[in-house]
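Secondary and tertiary structure notes
One letter stands for each residue in the lines below.
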Amino acid sequence: MPKRTQALDFAPGPVVLDVLGKDLVNADRRRILDPKTGGVILFGRNFESRQQLTQLTQAIKAIRQDVLISIDHEGGRVQRCRTDGFTHLPAMRRLGDIWSRANKKSPVDNAALAMRAATACGYVLASELLACGVDFSFTPVLDLDYGRSAVIGDRSFGSDPAIVFALAKSLNHGLQLAGMSNCGKHFPGHGWAEADSHVAIPVDERALKTIMAADAKPYEYLGLSLASVMPAHVIYPKVDSQPAGFSKIWLQNILRKQLQFKGVIFSDDLSMEGASVAGSVVQAAKTALKAGCDQVLICNRPDLADQLLADLPYDAKAYQESRTRVARLFPSRKLDWAQLQKEAEYRSAKDLLRELQLIA
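This section reports on the structure supplied with the text. Given the structure is predicted, the values throughout are model-derived calculations rather than measurements.

**Let's talk about helix α10 (residues 302-311)**
Buried residues of α10: L304, A305, L308 and L309, and no others. Around the axis of α10, the buried residues are gathered within 135° of arc, so they sit on the same side. The secondary structure elements touched by the buried residues of α10 are β1 (15-17), α1 (26-33), β2 (37-42), α9 (281-291) and β10 (295-298).

Okay, here's the thing in structure tokens:
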């Protein structure tokens, strides 16, 4: 196991929040210093160049070493850093297409090539972020694509849970080789619900048996290799009246007990419309944490972040179990950009992706 930083006042709290721009302002510093803060999530507005991003992550770590710096960086249309040397990675559907393409003579070769490409994507993704001081990315998407959800679409590896599992497992291996943990999302599955939880409240009317037999299978298959999970802001009324991220049935009875998941559970962004059914941001955070989340995200609303930090009840001793889980997500190595460009594994991974015409 890689060494962790728990011995040096390691005390991340339950709130993951964002920062306003490309440099820290006093309000950012105040929020990061709050003992309820446990992570900082970055967005496209926080990125201008590799140098600027590195300076920003260093400034965050100078305030607190024990906040996990994260980002949504999947490839395709969900990739926050795309310029100044960052590799624009393919949408995950491209990997599923390699697996499934017509080739009757060598279907095993197709599958093996897709898995190699997924590992290469994971390695490149993680190593480039780590070289700029970003600890963690919320990837991979484990949702199945039924052709119904525009917000998922080509972010998904495909519609077959076995293929989604195999490619996600390979991508996770690439992340791990580079020194980064993974996050499967959006449990138990966002692919069937048509509405976008950013702006609406999606509902999936299917039976629990149907969901568990398909959408939740990648989570079951991945087992101990899954480091963290983000539940969906989707209501599954035949299971619970609350969205999955606020549901003890989904998070404790099914994810923790039935599927034996041992890693970190993050809420999805509490400022999204899909979270509105849980009430105010403080009520939503309390419900999510009580349901089984280890950390809750509040993004793009500094006013709500301030409200959450001011009013969310927090017992540091009671939070110790979650804190121990979060500690396992911190990266196992550090590197810089110049070092990365000389690394044989990184160059080999990019060569394979170029050969497959997955990157420029």
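**Considerations on the pairing of strand β8 (residues 228-231)**
The two faces of a sheet get side chains in turn, since along a regular strand they alternate between them. Alternating positions in β8 separate into two faces, S228 and M230 on one and V229 and P231 on the other, with burial throughout. Across three bridges, the pairing between strand β7 (residues 184-187) and β8 is parallel. From the neighbouring strand, F187 faces β8, where its bridge partner is P231. In this sheet, strand β9 (residues 264-269) lies alongside β8 in parallel orientation, the contact comprising two bridges. Bridge pairing links V229 to I265 in β9.

**Quick notes on unusual backbone geometry**
Across the junction of K185 and H186, the peptide omega takes the value 5°, indicating a cis bond. By the element assignment, H186 lies in strand β7. Each neighbour pair has its own omega, and for F187 with P188 the value is -5°, a cis peptide bond. Looking at the element boundaries, P188 is found in the loop between β7 and α6 (208-213). Even without a glycine there, the phi angle at Q260 is positive, about 60°.

**Considerations on the sheet that holds β2**
The strand order β6-β3-β2-β1-β10-β9-β8-β7 describes an open sheet built from eight strands, whose pairing is parallel. Two strands lie at the open edges of the sheet, namely β6 (136-137) and β7, each paired on one side alone.

**A word on the environment of D294**
As for its placement among the helices and strands, D294 is situated in the loop between α9 and β10. Exposure remark for D294: the relative accessible area of 0% places this residue in the buried category. Spatially, the C-alpha atoms of D294 and Y319 are 8.3 Å apart, while their sequence positions differ by 25 residues. Those residues in contact with D294 that sit more than four places away from it in its chain are P14, R256, G263, V264, I265, L289, Y319, S322 and R325. In terms of polar contacts, D294 uses its side chain to reach the side chain of S322, at 2.5 Å.

**Some points on the packing of aromatic side chains**
Under the definition given, this model contains eleven aromatic pairs. Summarising the aromatic geometry, the rings of F138 and F266 are spaced 5.0 Å apart at their centres and angled 85° between planes, so their arrangement reads as edge-to-face. In this pair, F138 sits in the loop between β6 and α5 (161-178) while F266 sits in strand β9, placing the two residues 128 residues apart along the sequence. The exposure classification of F138 matches that of F266, with both residues buried. The cationic tip of R148 hangs over the ring face of W192; the distance from NZ or CZ to the ring centre is 4.0 Å.

**Some points on the pattern of salt bridges**
Under the defined criterion, the tally for this structure stands at 22 salt bridges. Here R50 makes a salt bridge to D84, at a shortest N to O gap of 3.9 Å. A residue pair is termed long-range when its members are at least 10 positions apart, and R50 in helix α2 (residues 50-63) and D84 in the loop between β5 (78-79) and α3 (93-100) qualify at 34 residues. Residue R50 is classed as partly exposed on the basis of its relative accessible area, which comes to 23%. Exposure remark for D84: the relative accessible area of 37% places this residue in the partly exposed category. Residues R93 and D145 are paired through a salt bridge, measuring 2.4 Å at the closest nitrogen-oxygen approach. Of this pair, R93 sits in helix α3 while D145 sits in the loop between β6 and α5, and the two are 52 residues apart along the sequence. Each member of the salt-bridge network shares a partner with another, and the members are D72, E74, R80, R155 and K185.

**Some words on the packing of helix α4 (residues 107-130) against α5**
Across the interface, α4 lies against α5 with an axial gap of 7 Å and an inter-helix angle of 35°. For the element pair α4 and α5, the recorded crossing hand is right-handed. Mapping the contact onto sequence places A114, M115, A118, T119, C121, G122, Y123, L125, A126, S127 and L130 in α4 and A166, L167, S170, L171, H173, G174, L175, L177 and A178 in α5. Among the residues forming the contact of α4 with α5, the class breakdown is 14 nonpolar, six polar and no charged.

**Some remarks on empty space enclosed by the protein**
Scanning all chains against the criterion turns up one cavity of 30 Å³ or more. Lining the largest cavity, in full, are Y219, G223, L226, L255, L259 and F261. Within the lining of the largest cavity, the residues separate by chemical class into five nonpolar, one polar and no charged.

**Notes on the packing of α3 against α4**
At a minimum axis distance of 7 Å, the contact between α3 and α4 shows a crossing angle of 160°. The angle between α3 and α4 places the two elements in the roughly antiparallel class. Viewed along their axes, α3 and α4 form a crossing whose handedness is right-handed. For the pair α3 and α4, the contacting residues are L95, I98 and W99 in the first and N110, A111, L113, A114, M115, A117, A118 and C121 in the second.

Parameters at a glance
- Residues numbered from 1 in each chain as written.
- Predicted model: local features only at pLDDT ≥ 70, side-chain atom pairs only at ≥ 80, totals over all residues.
- Heavy atoms only, no water.
- Buried < 20%, exposed > 50% of the residue type's maximum accessible area, 1.4 Å probe, protein only.
- Helix = DSSP H or I, 4+ residues; strand = E, 2+ residues; numbered from the N terminus.
- Arc of directions from axis to C-beta.
- Contact = heavy atoms within 4.5 Å.
- Pairing = 2+ DSSP bridges.
- Polar contact = N/O pair within 3.5 Å; in protein donor to acceptor, adjacent residues only side chain to side chain.
- Phe/Tyr/Trp six-rings, centres within 6.5 Å; stacked < 30°, edge-to-face > 60°.
- Lys NZ or Arg CZ within 6 Å of the ring centre and 35° of its normal.
- Salt bridge = Lys/Arg side-chain N within 4 Å of Asp/Glu carboxyl O.
- Axes fitted to C-alpha atoms, helices over the stretch in contact; angles between N-to-C directions.
- Left-handed = near helix turned anticlockwise from the far one by under 90°.
- Nonpolar A, V, L, I, M, F, W, Y, C, P; charged D, E, K, R; others polar.
- 1 Å grid on protein atoms, 1.4 Å probe; cavity = no way out; pocket = protein on both sides within 12 Å on 5 of 7 lines; lining within 4 Å.
- Points joined across faces, edges and corners; volume = space filled by probe spheres on them.
- Parallel < 35°, antiparallel > 145°, perpendicular 65-115°, else oblique.

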